[in-house]
Amino acid sequence: MIMDESGGVPEAQPSPSPAQQPEAAPPKRDGRGRPKKRKTAGNEGEGAQDKKRRPARNPRVPSAPPAIDLVTTHAALGGFDVAVIASNLISDDTEKVSSALNGLLKATADVDSNYCLGLGGEKVISALCQLFDETIDWNDLNEGNEADDIRNLEPNASHWRASSLTGKHERWRNFCRDKLASPLASSTDPSLLIDLETEARVLDMVVIILRNLSYVAQNLRFLAHSESVLRVLTGALYYRGYAAGVGGGESHEKGEDAQLSSHQSNMCVYSIQALINMAPLIDVTGRQIFIDRVFLESDEKEITSTVPDQTCTETDNQKLPTYGIASRLGFGGMHLAKQYDSKAETIDAIPDDVVWSLVGSHVRMTLAIFPALSDIIDPNDTTTTSGWHRPSVQTVLDLFIALLENTDNKGIFLNVPDSLLHQLTEMLYFPRLGPDSMDYIDPVRNVVSRVIGLKFLGYDASVDSDLRDRACELLVKLTELSPTTRRRLGMATSISGMAQRDYTAMSSSERRVGISPTILKVDATSSPHRMNVRLYDSLLSMISTSSGRGDAGSLAAQLLSNLASLPENKAGILYVERKLISVSARDPHVANVACNSIFNRLK
């Protein structure tokens with residue numbers, strides 16, 4: 001019972017009648033006529049307080065990169081460390097040399113282990129290069145005392161030619177061309193050639209081991225930072241022993257013509273494959289290795305086991321270290337550190353003279369690679385029975401494409417010679433079969449399985465699509481560098497490489513009645529208004545093709561688009577326009593490409 005303040009029971013209040021009750025307010029409705037959900041004041045207050053009290057989230061801290069699991073041992077090496085392996089490679093005991101070579105070959109060929117040289121790996125690299133020199137009988141007494149000319153290493157057109165090589169680089173080129181040339185009496189002095197049964201096998205194994213090591217990223221600095229490795233790989237590029245098939249025997253002694261082997265089992269291809277893997281670290285300016293030599297210094301395993309010259313002796317403490325030089329230069333090191341862009345990993349503000357004073361000999365060795373590569377592309381190479389070796393040419397094109405990915409190599413490709421542009425133009429429509437093909441086997445002198453009538457084959461079946469696609473991709477990248485390259489390619493004269501080789505092989509009496517040398521002459525005296533007809537015809541056939549790797553049409557369209565952006569190439573695009581429109585009427589894909597990628601770029 002409820003009591004009032006006076007202690008009595010309160011009187012009951014009469015309840016109001018329904019007529020006297022106040023009317024309830026109609027519920028509030030939203031835009032769709034539905035009643036709105038009501039929230040209590042308490043709930044709204046609590047929600048507001050929760051939002052105010054909610055602490056700000058801390059930014060997510062990035063996780064540390066996982067430690068690299070370096071495999072520096074392998075069962076095939078017998079538990080030996082790099083010092084013992086290097087000692088066995090240069091030993092006078094042939095059994096130890098053979099055992100070390102076979103062990104390294106098995107260890108580096110094991111794709112599951114990813115063998116890394118580890119701390120002191122430069123000793124194995126140096127021993128391999130020394131074994132290569134001893135096998136090929138290279139002993140240049142002046143090499144150690146001769147200094148490279150590092151006054152001007154700016155890339156230019158001359159660096160594509162052998163005439164740019166001087167001193168020890170020129171001697172090394174001439175020596176390798178004599179030793180590794182084709183074993184034909186017409187090519188070189190047979191007494192200078194290496195023995196294809198013994199010496200060639202050792203050289204092959206050395207280059208194969210270097211190639212296998214390049215597949216593991218932790219070994220790249222051991223290879224790319226070694227001038228001896230670059231010299232050995234450059235020398236292997238001059239190998240032309242594949243022109244003799246298996247070599248040796250009576251054909252070697254008599255100098256008889258042998259079929260051109262198309263297999264890839266030769267040191268030239270192995271060397272190019274190693275350079276492709278090393279392409280991210282190959283830099284003709286020298287700035288990438290300059291950055292490593294100046295700033296790369298750490299006690300972590302990821303650095304000490306992947307960078308050469310990390311072990312020092314008591315006598316080495318008195319001189320500057322090979323890496324991490326900035327820490328010994330005081331304010332000079334601070335100045336270099338301020339010029340380093342860590343995001344772009346460049347150091348452009350430092351003058352070239354400073355870079356060349358530290359790594360000039362390495363830059364000179366890197367530039368010596370390009371004349372050797374030009375000899376592979378050049379069809380007038382007199383060290384082979386034929387102008388080309390197809391696997392070597394294909395891998396060279398892949399190497400050029402890989403080198404172009406590094407912007408520091410732009411300077412050397414801006415000065416690409418007209419002869420290379422001419423050869424790339426020919427490769428856009430290179431026959432896969434027949435006398436003009438790279439793998440041609442003369443049925444008169446060799447036994448062939450069958451003879452195919454070329455006149456019954458169409459474009460897709462007769463063209464060398466692998467070579468064509470690589471050449472077109474390289475031309476696309478070259479024309480994207482500068483308008484000068486687009487002008488030189490679009491206005492270049494084009495002469496058949498077969499005609500050039502025939503003219504070179506002619507005697508003086510045959511040349512009087514043969515091809516006129518003025519037809520074969522391609523230089524500055526040629527008409528600047530002549531367009532590269534062969535280029536445009538090849539690209540026109542390539543746009544509508546169904547052979548190759550699938551993107552041939554888009555590559556051709558991209559190249560035509562690059563050429564169309566230059567007013568000087570307007571005549572060439574107009575030459576293609578009529579034929580392209582006729583093809584577009586039959587193929588809607590070609591019509592889309594022509595209208596949206598080529599014709600709209602005309603100026």
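Residues numbered from 1 in each chain as written. Predicted model: local features only at pLDDT ≥ 70, side-chain atom pairs only at ≥ 80, totals over all residues. Heavy atoms only, no water.

(A) Main features of the overall build of the protein chain. Along its length, the protein chain carries 28 helices and zero strands. Split into buried and exposed, the 603 residues of the protein chain put 44% on the buried side. Taking the contacts inside the protein chain whose residues are at least 6 apart along the sequence as the reference set, 79% of them involve residues at least 24 apart. Accessible surface, the protein chain as shown: approximately 32700 Å² in total, 51% of it carbon and sulfur. (Helix = DSSP H or I, 4+ residues; strand = E, 2+ residues; numbered from the N terminus. Buried < 20%, exposed > 50% of the residue type's maximum accessible area, 1.4 Å probe, protein only. Contact = heavy atoms within 4.5 Å. Areas by Shrake-Rupley, 256 points an atom, 1.4 Å probe, with all protein chains shown as cover.)

(B) Local environment of the pattern of salt bridges. A complete count under the given rule lists twelve salt bridges for this structure. Aspartate 375 serves as the salt-bridge partner of arginine 173, at 3.2 Å between the closest nitrogen and oxygen. Residue arginine 173 is located in helix H5 (residues 167-179), and its partner aspartate 375 is located in helix H15 (residues 369-377); the two are separated by 202 residues in the primary sequence. For the pair formed by arginine 173 and aspartate 375, the shared burial category is buried. With its nearest N and O atoms 3.0 Å apart, the salt bridge here joins aspartate 398 to arginine 470. Taken together, the positions of aspartate 398 in helix H16 (residues 390-404) and arginine 470 in helix H20 (residues 465-479) put the pair 72 residues apart, joining distant regions of the chain. Salt bridges here are not isolated pairs; linked through shared partners, they connect Arg173, Arg177 and Asp375. (Salt bridge = Lys/Arg side-chain N within 4 Å of Asp/Glu carboxyl O.)

(C) Main features of the packing of aromatic side chains. Taken as a whole and assessed by the stated rule, the structure comprises eight aromatic pairs. When the centroid spacing of 6.3 Å and the interplanar angle of 25° are considered together, the rings of tryptophan 172 and phenylalanine 175 count as stacked. Within this pair, tryptophan 172 and its partner phenylalanine 175 are both found in helix H5, separated by three residues, close to a single helical turn. In this structure tryptophan 172 comes out as buried when scored by relative accessible area, which is 4%. Every member of this aromatic cluster is reached through a ring pair, and the members are Trp160, Phe370, Phe400 and Phe413. Note that arginine 231 overlies the ring of tryptophan 172, its terminal NZ or CZ placed 4.8 Å from the centroid. (Phe/Tyr/Trp six-rings, centres within 6.5 Å; stacked < 30°, edge-to-face > 60°. Lys NZ or Arg CZ within 6 Å of the ring centre and 35° of its normal.)

(D) Examining unusual backbone geometry more closely. One non-glycine residue with positive phi stands out, namely asparagine 114, at about 55°. Looking at the secondary structure, you find asparagine 114 in the loop between helix H3 (94-109) and helix H4 (122-136). Here asparagine 114 falls in the partly exposed class, since its relative accessible area comes to 46%. Notably, aspartate 137 is not glycine yet its phi reads approximately 70°, a positive angle. Overall, aspartate 137 belongs to the exposed group, its relative accessible area being 54%.

(E) Highlighting the side chain of threonine 306. Checked against the element boundaries, threonine 306 lands in the loop between helix H12 (301-304) and helix H13 (331-339). Threonine 306 sits in the buried class, given a relative accessible area of 9%. Residues within four places of threonine 306 in sequence aside, it is in contact with Gln218, Arg221 and Phe222.

(F) Expanded view of the nonpolar core. By size, the foremost hydrophobic cluster in this structure holds 127 residues, and its most contacted members are Leu89 and Met427. By residue number, the principal contributor to this core is helix H6 (residues 199-213), which donates nine residues. Each residue touching leucine 89, except ones within four places of it in the same chain, is listed here: Val97, Ala100, Leu101, Leu104, Val124, Ala127, Leu128 and Leu131. (Core = buried A, V, L, I, M, F, W, Y, C linked by side-chain atoms within 4.5 Å.)

(G) Expanded view of the environment of isoleucine 303. Residue position: isoleucine 303 is located in helix H12. Residues isoleucine 303 and glycine 118, 185 residues apart in the sequence, show an inter-C-alpha distance of 9.6 Å. With sequence-adjacent residues up to four places away left out, isoleucine 303 is seen in contact with Leu296, Ser298 and Gln310.

(H) A negative patch on the surface, seen in detail. Together, Asp92, Asp93, Glu95 and Glu134 line one region of the surface with negative charge. Inspection of the secondary structure puts aspartate 92 in the loop between helix H2 (82-89) and H3. (Patch = residues over 30% accessible without salt bridge, like charges linked within 9 Å, V, L, I, M, F, W, Y side chains within 5 Å. Lys, Arg positive; Asp, Glu negative; His and termini not counted. Charge placed at Lys NZ, Arg CZ, Asp CG, Glu CD.)

(I) Fine view of the packing of H3 against H4. Where H3 contacts H4, the axes come no closer than 13 Å and their chain directions differ by 120°. Relative to H4, H3 is oriented oblique. Between H3 and H4 the crossing geometry is left-handed. Here Val97, Leu101 and Leu104 of H3 come into contact with H4, specifically with Val124, Leu128 and Leu131. The residue inventory of the contact of H3 with H4, partitioned by class, reads six nonpolar, no polar and no charged. (Axes fitted to C-alpha atoms, helices over the stretch in contact; angles between N-to-C directions. Parallel < 35°, antiparallel > 145°, perpendicular 65-115°, else oblique. Left-handed = near helix turned anticlockwise from the far one by under 90°. Nonpolar A, V, L, I, M, F, W, Y, C, P; charged D, E, K, R; others polar.)

(J) Layout of the confidence of the model for the protein chain. Mean pLDDT for the protein chain: 76, with 67% of residues reaching 70 or above. Confidence drops under a pLDDT of 50 for residues 244-262, and excluding neighbours within four residues, the segment shows 33 contacts in the predicted structure. Confidence drops under a pLDDT of 50 for residues 509-528, and excluding neighbours within four residues, the segment shows 19 contacts in the predicted structure. (pLDDT = per-residue confidence, 0-100.)

(K) Quick peek at the environment of isoleucine 412. Inspection of the secondary structure puts isoleucine 412 in helix H17 (residues 410-414). Along the sequence, isoleucine 412 and proline 155 sit 257 residues apart, while their C-alpha atoms lie 5.1 Å from each other. Setting aside residues no more than four positions away along its own chain, isoleucine 412 makes contact with Pro155, Asn156, His159, Trp160, Val284, Leu367 and Phe370.

(L) Looking closely at the environment of tryptophan 172. Expressed as a C-alpha distance, the spacing of tryptophan 172 and valine 232, which sit 60 residues apart in the sequence, is 9.6 Å. What tryptophan 172 contacts, discounting residues up to four positions off in sequence, is Phe132, Asp133, Trp138, Arg231, Val232, Thr234 and Gly235.

(M) Quick peek at H5. The terminal C-alpha atoms of H5, which comprises 13 residues, lie 19 Å apart, in line with the 18 Å expected from a rise of 1.5 Å per residue. Those residues of H5 not exposed but buried are Lys168, His169, Trp172, Arg173, Phe175, Cys176, Arg177 and Lys179. For H5, the secondary structure elements touched by its buried residues are H4, helix H8 (227-236), helix H14 (352-367) and H15. (Expected span 1.5 Å × (residues − 1).)

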